[in-house]
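# Structural overview for review
Take a look at the letters that make up each chain.
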Amino acid sequence: MTRGWTVHGDGVQIAPGEAVAPGERLSWPRTVGIGLQHVVAMFGATFLVPVLTGFDPATTLFFSAIGTVGFLLITGNRLPSYLGSSFAFIAPIGAATASGGQSVAVGGVLVTGLLLALVGAVVHLAGARWIDVVMPPVVTGVIVALIGLNLAPAAWGTCDEGGACSGFQASPLTAVVTLASIILVSVLFRGILGRLSILVGVVVGYGFAAARGEVDFTAIGDAAWFGLPTFTTPSFDPAVLGLFVPVVLVLVAENVGHVKSVAAMTGKNLDGVTGRALLADGVATTFAGLGGGSGTTTYAENIGVMAATRVYSTAAYWVAAGGALVLSLSPKFGAVINSVPGGVLGGVTTMLYGMIGVLGARIWVQNRVDFSDPVNLTTASVPLVVGIANYTWTAGDLRFEGIALGTASALLIYHGMRLVGRLRG
């Protein structure tokens, strides 16, 4: 072992068909390059949640980095993951802030973290075998697939009444150049450069966007080099805490889906780490709630990076956490990363989100899910439409969207049909 990781081969070349395991690493310069890809992948979405909820982006990024370090430690470096802002918190934070202010919303985040940590501890002590009963391959495949496919509209983006657009629509030409660069680099180049295709694509897309005048450098020039995030202490209002309880179910689904995705990619059974993953995300969200950050979750965007690079080394995630921590303490660097235009992000996420969706299908293939069985067919078909179309259900101040509803429908349909089948004989 070298500083906790075994060097993969010569640390430079990766033979075709091989992958870098979580306990392995490439040379440090190459590991840093992979880690930077993870920073790029998570940054846009991690910043989006605090921007939408009024939280301080630097504070959220700070606790995201700290949470990732804690996650890696609690899971014993066995589960590569980055913890970024969870979209499941947008609705409850907005409602809590409107009724009691940001401090009350932060208190809701803290309570959510404590509940998730409790669930993780129970899963770890009771064992994870029940997961296969509650969430068989057909269900887990659906969850992973709809996580990626539900994000598809975000890749395309939206336009407001003033004509300002996000995602692919912000600049279709820039998005196409970025996406084409990623595809061409992954095909034309072998070795580490090909595996850094996403990072190279972002650099090419950023340069192209800058040449077209799509990058605003004003904020970069005005930002300070060093500065601490703004911290907010939590307060508690029982009237709004109920808004955050359903978020726990979404985070459980996202974490289990992440574990299943990594297991599918690495070919290892990671069910034994599921409890630790839930506990670690709960601890990370709790810390975020103590200081004013948004709640965290395992990030689908970074699954896409691993699928593209086939580098699952947890060393890269330590680099990503360190990079995120530096950015959170430097408004200047944060402004540079935050200046990546929507067209570039649209091109990148078009590939990443698609890869996540396909990983769900891979779980079905690897587990030989029989879709001639109407139970499996229905379990897969209905939730996918719910997730892709982003069905919503509002109950008072609570708002449940595609991932949560898709996950719930998959569980209800599968177990409901199985129960009816057994009763029918």
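The structure under discussion appears in the preceding block.
Residues numbered from 1 in each chain as written. Predicted model: local features only at pLDDT ≥ 70, side-chain atom pairs only at ≥ 80, totals over all residues. Heavy atoms only, no water.

## Focus: the nonpolar core
Note on soluble globular proteins: their nonpolar side chains tend to be buried together. Counting residues in hydrophobic clusters, the biggest one holds 58 residues, and the most contacted among them are Phe89, Ile93, Val139, Leu352 and Trp364. Ignoring sequence-local partners within four residues, the contact set of Val139 consists of Thr379, Ala410, Leu411 and Tyr414. Phe47, Leu61, Ile303 and Ala320 belong to the second largest nonpolar core, which has 32 residues in total. (Core = buried A, V, L, I, M, F, W, Y, C linked by side-chain atoms within 4.5 Å. Buried < 20%, exposed > 50% of the residue type's maximum accessible area, 1.4 Å probe, protein only. Contact = heavy atoms within 4.5 Å.)

## A short note on the environment of Val248
Residue position: Val248 is located in helix α13 (residues 245-266). Residues Val248 and Gln366, spaced 118 residues apart in sequence, show a C-alpha to C-alpha distance of 29 Å. When near neighbours in sequence (up to four residues on either side) are disregarded, Val248 contacts Thr112, Leu115, Leu116 and Val119. (Helix = DSSP H or I, 4+ residues; strand = E, 2+ residues; numbered from the N terminus.)

## A look at unusual backbone geometry
Here the phi dihedral of Asn77 falls at roughly 60 degrees; this positive angle occurs in a residue that is not glycine. Mapped onto the elements, Asn77 comes out in the loop between α2 (57-74) and β3 (83-85). One non-glycine residue, Asn390, adopts positive backbone phi at about 55 degrees. Note on placement: Asn390 falls in the loop between α19 (374-389) and β5 (393-395). Classification of Asn390 by relative accessible area gives partly exposed; the value is 27%.

## As for the packing of aromatic side chains
All chains considered together, the criterion is met by six aromatic pairs. With a centroid separation of 5.9 Å and 85 degrees between ring planes, the pair formed by Trp5 and Trp28 is classed as edge-to-face. Of this pair, Trp5 sits in the segment before β1 (6-7) while Trp28 sits in helix α1 (residues 28-53), and the two are 23 residues apart along the sequence. A relative accessible area of 8% means that Trp5 is categorised as buried. Taking 5.9 Å as the distance between ring centres and 80 degrees as the angle between the ring planes, the aromatic pair formed by Phe63 and Phe231 counts as edge-to-face. Placement of Phe63 in helix α2 and of Phe231 in the loop between α11 (218-222) and α12 (238-241) is noted, with a sequence separation of 168 residues between them. The class for Phe63 is buried, based on a relative accessible area of 9%. For Phe231, a relative accessible area of 45% gives the class partly exposed. Aromatic rings pair up to connect Phe62, Phe63 and Phe231 into one cluster. (Phe/Tyr/Trp six-rings, centres within 6.5 Å; stacked < 30°, edge-to-face > 60°.)

## Some points on helix α14 (residues 274-291)
In an α-helix there are 3.6 residues to a turn, and that puts residues three or four apart on one side. An ideal rise of 1.5 Å per residue puts 26 Å on 18 residues; α14 measures up with 26 Å between its terminal C-alpha atoms. For α14, a buried count of 13 out of 18 residues is recorded, marking the element as mostly surrounded by other parts of the structure. At the exit of α14 stands Gly292, carrying a positive phi of roughly 105 degrees. (Expected span 1.5 Å × (residues − 1).)

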